[in-house]
Structure formats: C-alpha cells, structure tokens
Amino acid sequence: MNPQFLMDGLIAGAIIGLGAVGVTLTYSILRFSNFAHGELLSWGAYLALGISSALGAMAAGLTTPIGPFSFGWSLPIAAVLAVALTGLLALAVDAALFSSFRRRGSAIIIMVMASFGASLALRSLLEFLFTSKPAYFSQALQIAMKLGGGLRATPDQLAMLAVAVISVITVHIVMTRTDIGRAMRAVSENPGLAGIAGIDVRRVIRTAWFLGAALACIAGIMSGLIIQIRPYLGHDLLLPLFAAAILGGIGSVPGAMIAGLFIGLSEAFTVQLIGAEWRAAVSFAILIAVLLVRPRGLFGKAT
C-alpha cells in the first residue's frame, strides 16, 4: 500500500476539521444544524479569488510567486479581506433570516429548513455570478517534495497544513483564555442563565456567526488552492463537516479538528483500498456509527 494516502488524508482532514470547527461553534451556540455553513466555504473561496484577481490587475507584482509557493502576496491579502467579508455575509444572513425566528421562538426544525433555503439561495447566487466553471487561484504547476517514508507534498499543501494548525490553536486560545470565549461557553451551556448573569447573548451569537464563517472561509481558500474552486465546493464537504463535528463532540474545537483528520485519513485509506467511488460513504458510515454508539462524540460532555 502506498503510504502517500497518509499525506493526502491529512490535507483533506485539515480542510474538513477547520470547517467542522465552525459547525461545532455555531451549533453549540445557536442550537440548530446550519446547512448553509458549507456555502460559506464556497463564498469565502470566491471572494478571495475575486479580491486576489483585482489586486493582481492593479499591481502585477503582487501575483509574483512567494518563494516556492504558487501564489503571490495578492492571495494572503485577499484571504484576510475575504475572511472579514465572509463573516459579514454570515451576519447579514442571520439578520435577514435567523434572527427573526429566534425572536419568535420558532421550533428548531423551522431553523433547519430555513438553513436549507439559505444554502440553495447562496449557491445559486454563486453560480449566477461566477458560473459553474471551475476556477483556480493559480495555474502554476508545483513539484511535490519528498518528505521521507514515501510521502510527498507540495509547498502549497504544507503551507495550508500550517495555516490549519495555527487557526485551530488560535480559536482554542480565544475560547479558553478570553472573556468572549468564556461568554460563548456560558451561552452554549445555558443561554437563559448566561443572560441573567449579565452576558450579552446577542453579541455572543454575532461572534459565533462571524468566527464560524471566518473558519469556513479559510477552509474554502485551502480547498480552492489545493484542488479547485466550484460553487458546489462547500456542498460536497457538508457531510464530512457534520460528521467531524459530531465525532469530535459538539462544542469541542480540538475535537472537531482531530475528528476531521480522522475522517480525511479514513477517506484516503478507503480510496486506495477500494476505490474513489466509496469516498462519500465513509463520512456517512462514521456519522451513523457515532450517533449509535457515542452520540456525544469523542470529546463531548454528557448532558
């Protein structure tokens, strides 16, 4: 068996894990499964592509590759702006749709169905604006470097792995060492009691939306840089994202990342052992197994 599947699985798992962190944050605060979360990955990738292309048109030097990487400074700058814009998009969707349901005390199933509608609308708008034709941050061809043990990776892939690790560590520090992080954990435990204790629940909800969308944007950019950008980019990753969030335990940032890596490695192993047509079945099988055996996940708390 070719050991390269380990590197392929780690790269896919880093993307899944980062997106799953956003899922677990929004679910633990908002108490519903947001099926529009996958579209935030797609929007983040397209926003970064548009801004990067605009910057390259204004200053061609920004597209000159940085060292061994396939991209220039236009992409890191665009990524920062895209993170902010994707966060604002999530806040706009919440203000236009979900906040009204919260005020009315609507049932969870209504919120879930509304998220389906938001997902379709956001995806259709992407197809209208950018068409369904695949797009790329760079057309440059990279040669994979030997890492030892039969493993290979391109500089872009190694950079994206580093970005994923830094992002998860940063979010974990925010959640455990800052006031807003402690407020988010309090609201996830008991929103009513947190409000009585003086915590601004609405501010916490806005923070959860923005932070989850920011992580989704980063995951989308990673996927777009390593593979390609398509309107269905986030939709295709939605099942693995939810599987990782549930496997890791709702509310656990490290758990979501570890579970994402596990799912990515499982998919890569299945592709090499059986075939690529079974990749999608892996996340579904893991999701069902977790729900049957340990619904709270590996790192989730019993309720």
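From a predicted model like this one, the values you see are computed outputs, not experimental measurements. (Residues numbered from 1 in each chain as written. Predicted model: local features only at pLDDT ≥ 70, side-chain atom pairs only at ≥ 80, totals over all residues. Heavy atoms only, no water.)

**Observations concerning the side chain of Ser119**
Structurally, Ser119 is set in helix α4 (residues 108-130). Here Glu39 takes part through its side chain, which lies 2.9 Å from a polar atom of the side chain of Ser119. The contacts of Ser119, once residues within four sequence positions are left out, are Phe35, Ala36 and Glu39. (Helix = DSSP H or I, 4+ residues; strand = E, 2+ residues; numbered from the N terminus. Polar contact = N/O pair within 3.5 Å; in protein donor to acceptor, adjacent residues only side chain to side chain. Contact = heavy atoms within 4.5 Å.)

**Description of the nonpolar core**
Ranked by size, the top nonpolar core spans 86 residues in total, and within it Val21, Leu25, Ile29, Phe137, Val171 and Met184 carry the most contacts. Ignoring any residue separated from it by four or fewer positions in sequence, one finds Val21 in contact with Val168, Val171, Leu215, Val253, Ala256 and Met257. (Core = buried A, V, L, I, M, F, W, Y, C linked by side-chain atoms within 4.5 Å. Buried < 20%, exposed > 50% of the residue type's maximum accessible area, 1.4 Å probe, protein only.)

**A word on unusual backbone geometry**
If you check the backbone angles, Arg31 has positive phi at about 70 degrees while not being a glycine. Within the secondary structure, Arg31 sits in the loop between α1 (4-30) and α2 (37-58). Here Thr131, not a glycine, exhibits a phi torsion of approximately 65 degrees, which is positive. Note on placement: Thr131 falls in the loop between α4 and β1 (145-148).

That's the geometry; what it means functionally is another story.
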